[in-house]
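# Commentary on secondary and tertiary structure
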Amino acid sequence: MTKTRLNILPTPTFGHLGVNYTEREVGFAGKENISVPEGADRQIIQFVDSDDDTCVAVGKNARLQLVRVCASEQGCVSKVNAALDEDAELGLIQLYLGGNNVSEIIAELNGSRSFFRADIGYDLGKDCTLDLNLAADHNGRKSISEINAGGVLRENAQKIFKGTIDFRTGSSGAKGSEKEDVILMDGAVVNKTVPVILCAEEDVEGSHGASIGRIDEGQVFYMKSRGIPEEKIYEMITRSKLARIIRKIGDEKTEQRIYNILGWGDEVE
Amino acid sequence: MSELLNVTGLHTSADGKEILHGVSLTIEESSTHVIMGPNGAGKSTLGSAIIGSPEYTVTSGSITFRGEDITGLTPDKRAKLGIFLSFQNPVEIPGITLSSFLRSAYENVTGERIKLFDFKKKLKAAMDVLNMDSAYAERELNVGFSGGEKKKAEILQLLVLRPKLAILDETDSGLDVDAVKTVSAGIKAYREQTGGSLLIITHNTKILEALTVDRTHIIADGRITAEGGAELIDEITANGFDKYIGR
Amino acid sequence: MKEKTQVADIDRAFYDFRYEEDESSFLGCGITPDIIREISQEKGDPEWMTEFRLHALKVYERLEMPAWGPDISGLDMDRIVAYIRPEKRMQNDWESVPDDIKETFEKLGIPQAERESLAGVGAQYDSELVYHNVRKEVAESGVVYTDLESAMHDERYAEMIRSHFMKLVPPTDHKFAALHGAVWSGGSFVYVPDGVRLEIPLQSYFRLNARGAGQFEHTLIIVGENAYLHFIEGCSAPKYYEASLHAGCVELFVGNNSTLRYSTIENWSKNMYNLNTKRATVGENAKVEWVSGSFGSHVSYLYPMSILNGRGARAEFTGITFAGEGQNLDTGAKIVHNAPDTSSYMNTRSISKSGGISTFRSSVVINENAVGSKSSVSCESLMLDSISRSDTIPAMVVKTDKADVGHEARIGRISDEAVFYLMSRGLDENSAKALIVSGFAENVSKELPLEYAAEMNNLINIEMKGSIG
C-alpha cells in the first residue's frame, strides 16, 4: 500500500512544526453513508475498529447524534464528512481510547441556522498516538459550531489536534467556538494544538481557547486540603474530563461498555 | 482541656517575602478562637499555613496537631488528622460533582468506604441544616456558584467531614444577612454535633453572635499583638485596631 | 456580492495550489557570484565576509520558497537584482515617488528633506545634529552604536561581529535569510556592556541615511549582563523603495539578567514585499520585549522569534497589524522555550479593512528540558467589512508535562452599539469607528513612547478615513 496524505491543515503553517499534514497507509473498505431525512431525529452509535470513511447528510430540521468510539488496540484511519442542511443539527461525540488513530472530521454547515456540536475526548497511554483534523466550514447564515476537545496524555503518548473554524463568504451571523483542554501526565508526552480561525465575513463571532499542561495547582491544593491524596486527585480529574463527554451519550449500555473499555468498572468517579 | 493545635514561632514567606514574623498560638480541644486584624496583617496566611498551602514556605517555627509535628505534612495528611480550612475563595473544579468529590474526601478522611445510598443520606441531612437545595449535590464543584453558595458549600463540607479543628477564613465576608444566619447555624451545628474546635478569621462580629468565644487573637503586620477573651472583640468593634498596630 | 466571492475564491485557490507550485522558475537566478564579489569589493568587506556572502548565495540557490504564507509570485526578482548591483543601486528620483506616498508625508507633516530621505532618494536627511547629541550621551555610558559596516573594520568590534553575525539567523534558515546573507547592506551595530542601563531609547531612524540602507539592512544588538536597552526601529512615515523587496535581518543577544525592548512601527510603502527576519536569544533571568506595529507593505512575512535559552528567561510580544486595501500581512511571533522556568506572553491585535488580508501566525514550542515553563497567548482580530479577510493560525507544541500553556483568540466586528453610543455624543460614523479602532490598538500604543504612540494613532486615523462608507 502507498502512503496517502491525510489531515491536511486547511491553510499550511511553519513546516518544522510537523502539523501541516500526515502520511499513512489507508485501507478504506468503501464509503459508508448516513442520511437523516428532513425532520427526523436519530442517534447512531459506532465502535470504529477499522479504516472508515463515512459521509453524513443531515436534512432540513433533522437531528443526528453520532457517537463514535475508536478503541481498537491498533487504532485506525477514520473520516467523517458531514453536510448540514437548513436548521439541521449534528451532535458528534467521538472518543479515542488507544492505538494509533488518524481521524478527520469535516462538518459543512451549508444551511442557514445549521448547528454542529463536537465533543471530542481522548485517553492515550503508552505508545498511543492521535492525529485529529477537525474543520467546521460555515457556509450558511447564522450557522453555529461548538467544538470541545479534551483529554489526557500519559507515558509517551503523542497527540495533534488541529481544529479549524472557517467562516466563508455568505456565513454572516455565524458563530463558532472551539476549546481544548489537555492534561499532560508524564514528561515523555508530546502535544500539538493548532486552533485555526479563518474568516471572510465581517458579521461573525469566532473564538478559540486552549489550555495545555498540568492540573491546576489551586485545584490540587483545594482537594488535598479536604483529605484526598494526590494520585487520587489526578485520577478523579482526568476521569471527570472523559466522563463529562461520555455522560452526554445518554445510552446506559453504551456508556457502560465504554467504562468497561476504560477499566473503570461500575463506578465512574 | 488538652491541647489540639500548637503553633510556635512560625515564620512564613511567599515569593521570597516574609509575611508571618514569628506567630505562636495554642488552641485547646472543643474551644472557639477568633483571629482579627487589619487587611494584609497575615490572618489568611496563618490559616493557609496551618493546612499546608504550597503558596507559603515555612522558614522557621513549627506546627503540631494533637502532639504530632505536622509542619512537613502535605495538606491531605493534615486533613486526615482532622484539620479543615474553609477557603475565602474556593476554586472551581469543573467535571467533578460536589457529591462525588465530598464522598471521596469523606472516604479518605475517615478511611472507610461508604455506600452511595448511605452517603447521600448523610449529605442530605447536612444540606437540610443549611437550607440547601439537594440539586447542588449534583452540580460541578463550585462551578458557577455565587459567593454565598460557595460559602455554604464550604460549611456543608465541614458538616460532612466533621474535622477536629475548623479554620473559617472570612466565611462571612460578602454574605447578606440571611446567608450569614444560615452559615452561622451551620457552624453552630458543627460545634454541637462534633465538639470540634473553631478558629474563626473575621472582620465581622455578626457571625460570632451565636457562639461562645473562648479566646481572641489580634494579628497586625505578621505578629500577634494582643490576646484576650471575648471582651477583646467588643473593644475592637468600638475602637478599631489602631491601638494594636505597630509595637 | 460578486466581488466578495472573488476575494474568497482567489485566496482559497492559492492555498490549495501551494504544494504543487514550482517556484524555482523565479528567484532562482539573477544574482551571480560575480555580482556578490562586486558588492563585497565596493563595500570593502573583510575576506571572511566575502566568503560568507558567497556561501549564502549558494544556500539561497538551494533553498525552496516557503510552502505556506501569502503569495509572493509578484516579486520581480530581475528588477531587484538590477538594484542590488552597485553601479545602479538606488538611483531613484523624487518624481518617481508615487503620489499617495507624497500625500501621506504631507498628512504626517514631514519636512521635505526628510521625505526625500525616507523615499530613498537624493539628499540625506539632516539628522546629524540630533544624532550627534544622542551619540554623545550614548558614548558616555560606554554603549557602542554605529553602523555595522564600519564596526566590522574596527578592531575593537571586528571579532565580536564575526562571532555573532548570522549565528542566530543562519542563511540556511530560509530562502530570504540566505538572500540577506548574500547581499546585506547597511544596518546598525549596538553593544551594551555589562551593568549599563541606557535610559534613552536608541532609534534606528537616525541611521537610515546610508544609500540603499533599509532594504537589506542588518541589525546586530549585543546586550551584556545586568543591562537594559530600548531600541526603536522605523517610524510611522512610509518608506519607499522602487525595488520592492525588504529582506532585513535583526539579531538580538540578550545577556543574563538583562532586558532588551525592541519596538518597531513599520509603514513600508504599499508596493513592498517585506520578508524580514527577527530573532533574539535570551539568557538566564533575562527578558526580551517586542513591541511591533505593522501597517505598510503589500505583503509581509514577519514573526519575531524569541529563543529562551537561559533558566528563567522571559519573552513578551505585543503586536498590531492593520491590513488595508491591497495588503496581505502575515504576522505573528515564535517562541521557543529551551530552558527550565521560562515564560512567554503574547498579545496581538489585527485589523482587516477594504479587502486587506491579515493573518496572525504563531508558534510556541516548549521543549523537553523547559520544565516549569509557562506560556500565554492572546490574539484578537477585527473585521471592518466583508470584502476583507482575517485568519488566525497559532500552533502550540508541548513536549513536557511540567508546563502550562494557555491560548485565547477572538474574532469579530465593531459593535454597532459602541458606534451608536459615540455617535449619540456627536461623533460622525468614521470618527467613531476610528476611535474604537484606536482603542482596539491600545495594547500596542500604551507600550510605545508617547510620540510614537501619537504617530501610530495618526496612522490609524489616516487608514480609517481612507475608505469607510
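Source: prediction; values computed, not measured.

### Considering the overall build of chain A
Of regular secondary structure, chain A possesses 3 helices and 16 strands. Computed over C-alpha atoms, the radius of gyration of chain A comes to 19 Å, within 12% of the 18 Å expected from 2.2 N^0.38 for 269 residues, which places it in the range of a compact globule. For the C-alpha atoms alone, the extent of chain A along its principal axes is close to 55 × 45 × 40 Å. The proportion of buried residues among the 269 residues of chain A is 54%. Sequence separation of 24 or more characterises 74% of the internal contacts of chain A that already satisfy a separation of 6 or more.

### A closer look at the pairing of strand S11 (residues 287–294) of chain C
Consecutive side chains of a regular strand alternate in pointing toward one face of the sheet and then the other. Residue and element names in this part refer to chain C. Of all 8 residues in S11, 8 are buried, a share of seventy percent or more. Residues Lys287, Glu289, Val291 and Gly293 line one face of S11 and the alternating positions Val288, Trp290, Ser292 and Ser294 line the opposite face, and both faces are buried. As judged from the 8 bridges shared by strand S8 (residues 259–266) and S11, these two strands associate in the parallel manner. The residue bridging Glu266 from the neighbouring strand is Ser294, located in S11. Sheet topology places S11 next to strand S14 (residues 314–323); 8 bridges connect them, and they run parallel. Its bridge partner lying in S14, Ser292 is registered against Gly319.

### Some words on the interface of chain C and chain A
Chain C puts 38 residues into the contact, and the matching count from chain A is 38 residues. Secondary structure elements with two or more residues in the side of chain C that touches chain A: helix H1 (2–17), strand S17 (357–366), strand S19 (389–398) and strand S20 (403–413) of chain C. Per element, the largest residue contribution to the side of chain C that touches chain A is 11 residues, and it comes from S20(C). Tallied by class, residues from the side of chain C that touches chain A come to 16 nonpolar, 9 polar and 13 charged. The sheet contact formed by strand S15 (residues 190–199) of chain A and S19(C) spans 6 bridges and is antiparallel. By the bridge assignment, A:Lys192 is partnered in S19(C) with C:Val397.

### Here we look at the sheet that holds strand S4 (residues 57–65) of chain B
Residues and elements named next belong to chain B. One open sheet holds the 4 strands; their spatial order is S2-S1-S4-S5, and the pairing between them is antiparallel. Pairing within the sheet leaves two strands with one partner each, and these edge strands are strand S2 (17–28) and strand S5 (68–69). The sheet contact formed by S4 and S5 spans 2 bridges and is antiparallel. Counterpart to Phe65 in the pairing with S5 is Glu68. Relative to S2, helix H1 (residues 43–51) is tilted by about 70 degrees, and along the sheet it contacts strand S1 (3–14), S2 and S4.

### With respect to helix H2 (residues 33–43) of chain C
Residue and element names in this part refer to chain C. Buried residues of H2: Ile36, Ile39 and Ser40, and no others. Down the axis of H2, the buried set is contained in an arc of 95 degrees. They therefore lie on one face. In this structure, H2 carries Asp34 and Gln41 as exposed residues pointing more than 90 degrees from its buried face. Just downstream of H2 lies Gly44, where phi reads positive at about 65 degrees.

### Looking at helix H4 (residues 116–129) of chain B
All names here are of chain B. Taking 1.5 Å per residue as the helical rise, H4 with its 14 residues ought to reach 20 Å, and the 20 Å between its terminal C-alpha atoms agrees with that figure. Leu123, Ala126 and Met127 are the residues of H4 that are buried. Taken around the axis of H4, the buried residues stretch over an arc of 100 degrees, which confines them to a single face. The exposed residues of H4 that point more than 90 degrees off its buried face are Phe117, Asp118, Lys121, Lys124, Ala125 and Asp128. Along its buried surface, H4 packs onto helix H3 (98–110) and helix H5 (147–161).

### Notes on unusual backbone geometry
With a phi close to 55 degrees, A:Asn61 is a non-glycine residue in the positive phi region. Within the secondary structure, A:Asn61 is located in the loop between strand S5 (52–58) and strand S6 (63–70).

### Points about the interface of chain A and chain B
Opposite the 18 residues of chain A that make contact, chain B presents 22 residues. For the side of chain A that touches chain B, the secondary structure elements donating two or more residues are helix H1 (217–224) and helix H2 (230–246) of chain A. Its residues assigned to classes, the side of chain A that touches chain B shows 6 nonpolar, 5 polar and 7 charged.

### Observations regarding the sheet that holds strand S6 (residues 83–86) of chain B
Strands belonging to one sheet form pairs held by backbone hydrogen bonds; the direction of such a pair is parallel or antiparallel. All names here are of chain B. If you trace the 6 strands from one edge of the open sheet to the other, you get S6-S9-S10-S3-S11-S12, paired in mixed fashion. Edge positions in the sheet fall to S6 and strand S12 (223–228), since each of these pairs with one other strand and no more. Looking at each pair of strands side by side, their axes are set apart by 20 degrees on average, direction ignored. Both strand S11 (residues 215–220) and S12 contribute to a ladder of 5 bridges, which runs antiparallel. What sits directly across from Thr216, in S12, is Gly228. Across the sheet, H1 is in contact with strand S3 (32–36), S6, strand S9 (165–169), strand S10 (197–201) and S11; its angle to S9 comes to roughly 145 degrees. Contacting S3, S11 and S12, helix H7 (residues 231–239) crosses the sheet at an angle of about 115 degrees to S12.

### Comments concerning the packing of H1(A) against H2(A)
Residues and elements named next belong to chain A. Two numbers describe how H1 lies on H2: the axes approach to 10 Å, and their chain directions differ by 120 degrees. For the element pair H1 / H2, the angle class is oblique. Of the two possible hands of crossing, H1 and H2 adopt the one that is right-handed. From H1, Gln219, Val220, Met223 and Lys224 reach across to H2, where they touch Glu230, Ile233 and Ile237. Along the lines of polarity and charge, the residues of the contact of H1 with H2 split into 4 nonpolar, 1 polar and 2 charged.

What counts and how
- Residues numbered from 1 in each chain as written.
- Chains lettered and ligands numbered in written order.
- Predicted model: local features only at pLDDT ≥ 70, side-chain atom pairs only at ≥ 80, totals over all residues.
- Helix = DSSP H or I, 4+ residues; strand = E, 2+ residues; numbered from the N terminus.
- Rg over C-alpha atoms; globule rule 2.2 N^0.38 Å.
- Buried ≥ 20, exposed ≤ 12 C-beta atoms within 10 Å, placed from the backbone.
- Contact = placed C-beta atoms within 7 Å.
- Pairing = 2+ DSSP bridges.
- Nonpolar A, V, L, I, M, F, W, Y, C, P; charged D, E, K, R; others polar.
- Axes fitted to C-alpha atoms, helices over the stretch in contact; angles between N-to-C directions.
- Arc of directions from axis to C-beta.
- Expected span 1.5 Å × (residues − 1).
- Parallel < 35°, antiparallel > 145°, perpendicular 65-115°, else oblique.
- Left-handed = near helix turned anticlockwise from the far one by under 90°.

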